[in-house]
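Structure at a glance
Listed below are the residues making up each chain.
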Amino acid sequence: MDVQDPSLTALLPVLAERLPALLSEVRAALGEEWPDYASFLDEHDVEVAVAADAAMRRLVTMAGAPSSEDGVGPELFEEIGRIQWREGRDLSALLGAYQVGARVCWHHVSAAAVEMGVEPRTLASLAEAVFFFVDKLSSSSARGYVLEQSEEAATRERLRDELVGLLLSDRADQAAVRAAAARAGWTVPDELGVVLIQRDNAVGHRTLARMDASCLVFSRPPLLGAIVPDPSRPGLRRRLGLTLRGAGAVVGVAVPPDRLPASLHIAEIAARLQREGILTDDPVFTDEHLDAIIVHRDAKLLDALRHQVLGPLRGTTQASRERLVETLGSWLRHMGDRQAIAAELHVHPQTVRYRLAKLHELFGDDLDDPEVRARMVLALSFGEARTPASDPLAVSSS
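Since we're looking at a predicted model, the values are computed, not measured.

Parameters and conventions
Residues numbered from 1 in each chain as written. Predicted model: local features only at pLDDT ≥ 70, side-chain atom pairs only at ≥ 80, totals over all residues. Heavy atoms only, no water. Buried < 20%, exposed > 50% of the residue type's maximum accessible area, 1.4 Å probe, protein only. Helix = DSSP H or I, 4+ residues; strand = E, 2+ residues; numbered from the N terminus. Arc of directions from axis to C-beta. Contact = heavy atoms within 4.5 Å. Phe/Tyr/Trp six-rings, centres within 6.5 Å; stacked < 30°, edge-to-face > 60°. Lys NZ or Arg CZ within 6 Å of the ring centre and 35° of its normal. Pairing = 2+ DSSP bridges. Salt bridge = Lys/Arg side-chain N within 4 Å of Asp/Glu carboxyl O. Axes fitted to C-alpha atoms, helices over the stretch in contact; angles between N-to-C directions. Parallel < 35°, antiparallel > 145°, perpendicular 65-115°, else oblique. Left-handed = near helix turned anticlockwise from the far one by under 90°. Nonpolar A, V, L, I, M, F, W, Y, C, P; charged D, E, K, R; others polar. Core = buried A, V, L, I, M, F, W, Y, C linked by side-chain atoms within 4.5 Å.

**Focus on helix H12 (residues 299-309)**
- By the burial criterion, the buried members of H12 are Leu 302, Leu 305, Arg 306 and Val 309. One face of H12 carries all of its buried residues, which in axial projection span an arc of 100 degrees. Residues of H12 that are exposed and angled more than 90 degrees away from the buried face: Lys 300 and Gln 308.
- Residues of H12 that are buried sit in contact with helix H11 (290-296), helix H15 (349-363) and helix H16 (370-380).

**Overview of the side chain of Gln 84**
- Tracing the sequence through the fold places Gln 84 in helix H4 (residues 74-86).
- Once you skip the residues sitting within four places of it in the chain, Gln 84 turns out to touch Tyr 37, Arg 89, Asp 90, Leu 91, Ala 93, Leu 94 and Tyr 145.

**A look at the packing of aromatic side chains**
- Evaluated as defined, the whole model comprises 0 aromatic pairs.
- We note Arg 237 situated over the ring of Phe 285; from NZ or CZ to the ring centre the distance is 4.3 Å.

**Side note on the pairing of strand S3 (residues 223-229)**
- Across the 7 residues of S3, 7 count as buried, placing the element largely inside the fold.
- Side chains Leu 223, Gly 225, Ile 227 and Pro 229 project from S3 onto one buried face, and the interleaved Leu 224, Ala 226 and Val 228 project onto a second face that is buried too.
- Inspection of the sheet shows strand S2 (residues 216-220) paired to S3 by 5 bridges, in the antiparallel sense. Each residue of the ladder has a partner; that of Arg 220, found in S3, is Leu 223.
- The turn joining S2 and S3, which pair antiparallel and follow one another in sequence, is formed by 2 residues.

**A closer look at the pattern of salt bridges**
- Inspection of the entire model under this criterion finds 10 salt bridges.
- The salt bridge involving Arg 220 is made with Asp 161; its shortest N-O contact spans 3.4 Å. Placement of the pair is Arg 220 in strand S2 and Asp 161 in helix H6 (residues 120-167), with a sequence separation of 59 residues.
- With relative accessibility at 40%, the residue Asp 161 sits in the partly exposed group.
- A salt bridge links Glu 288 to Arg 237, with the nearest nitrogen and oxygen atoms 3.0 Å apart. Residue Glu 288 is located in the loop between strand S5 (284-285) and H11, and its partner Arg 237 is located in helix H9 (residues 234-243); the two are separated by 51 residues in the primary sequence.

**What about the packing of helix H13 (residues 318-333) against helix H14 (residues 338-345)?**
- Taken N-terminus to C-terminus, the directions of H13 and H14 make an angle of 130 degrees; their axes are 9 Å apart at the nearest point. For the element pair H13 / H14, the angle class is oblique. The crossing of H13 and H14 is right-handed. Touching Glu 326, Thr 327, Ser 330, Trp 331 and Arg 333 of H13 are Ile 341, Glu 344 and Leu 345, all from H14.
- Here the residues of the contact of H13 with H14 are counted per class, giving 3 nonpolar, 2 polar and 3 charged.

**Digging into the pairing of strand S1 (residues 192-197)**
- A large share of S1 lies buried, amounting to 6 of its 6 residues.
- Going residue by residue along S1, you find Leu 192, Val 194 and Leu 196 tucked away on one face and Gly 193, Val 195 and Ile 197 tucked away on the opposite face as well.
- Where S1 and S3 come together, 5 bridges link them in antiparallel fashion. Among the inter-strand pairings, Leu 192 is bridged to a residue of S3, identified as Pro 229.
- Sheet topology note: the S1/strand S4 (residues 249-251) ladder contains 3 bridges and is antiparallel. Note on S4: the bridge partner recorded for Ile 197 is Ala 249.

**Regarding unusual backbone geometry**
- Pro 221 connects to Pro 222 through a cis peptide bond whose omega is 5 degrees.
- With respect to the helices and strands, Pro 222 occurs in the loop between S2 and S3.
- In the segment running from Asp 282 into Pro 283, the intervening peptide bond is cis, with an omega of -5 degrees.
- The topology assignment puts Pro 283 in the loop between helix H10 (260-275) and S5.
- One non-glycine residue with positive phi stands out, namely Asp 230, at about 45 degrees.
- Its place among the elements puts Asp 230 in the loop between S3 and H9.

**Section: the nonpolar core**
- Core analysis: the largest hydrophobic core is formed by 42 residues, its most contacted members being Leu 15, Leu 30, Trp 34, Tyr 37, Met 56, Leu 59 and Leu 126.
- Those elements that provide at least two residues to this core are helix H1 (6-33), helix H2 (35-43), helix H3 (45-64), helix H5 (91-115) and H6.
- In terms of residue count, the dominant contributor to this core is H5 (12 residues).
- Discounting residues that sit within four places of it in the chain, Leu 59 has contacts with Cys 105, Ala 129, Val 130 and Phe 133.

What follows is the structure, encoded as structure tokens:
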């Protein structure tokens, strides 16, 4: 069918006469459920009338040439969909408004066509053109809505990742953090903490996926975890303890935002001690283990301290040395209480007495020196004093 079909050509002026009534009816219909759209039509009545007239001509063109999609204007309606997302409106409201417009439009087009005596076949083509046109507008707007949504989400994630990088760097002064947080749409709390998760822990991955938007989840190999606001609050701390159980997690010390790298450093040391079996809590809250973290932060320094403190045992056999080290550690913990030492070591008090006498023989007055005892506590109270093959104190038992 050609667009110059007399019945279609004659329909155009009739539709033009009906246009004011059509737009008035659309405004009234929209006013019931979508008053914002009705207000828009009122505020832009001239532009809307021009666009509606052009739309009517397009419908007639499409009815005359069903394969034609010229003039549908997908870019315009894609932008309308984008605006809908940016303004926080529901897509279904926009699509519903399109349907209202389509029903009112078809009511007027069909009435005019019947008055003009348009043939049934032509009338069917008009109906097909009306609803095809609205479908195209709806799909274009839906596409724009989804694209804007996904692009905004990608931008937000990029900005949040940039914020994470800043917070974990040594450039995290307050002004820079607040500016980056504002760009990412993230509220800066008074304190932050770093949660580190073992990368091969499936529970940990699921836990991170369930964290809400107040937490900044990150993956920066070899680090995997999240920045958590106000982790020292009693309620949140309790929830973290339950949520992170089984995740191989370490929770860093709560610090102001510009001090987060220090919290990360402590958490990394704690994570290493967790992997080595020295810290066994589930999860590990680093503020409960700062003493152990300080002592174990450098294994070579700790070994050197142990070698120095245990120097008087150099001439003993390996088996004897292990028994004496065990007794010395218990003696320090129990402040010389022989009954408590015997109970802890599961030996007879007389055995404790013999070992303590041997220790006094080897260490002499050093056992009564507060500074020496303090070094002994550091050397022996945080895990067993293992004897490496290169330990100069180790001697053959043969």
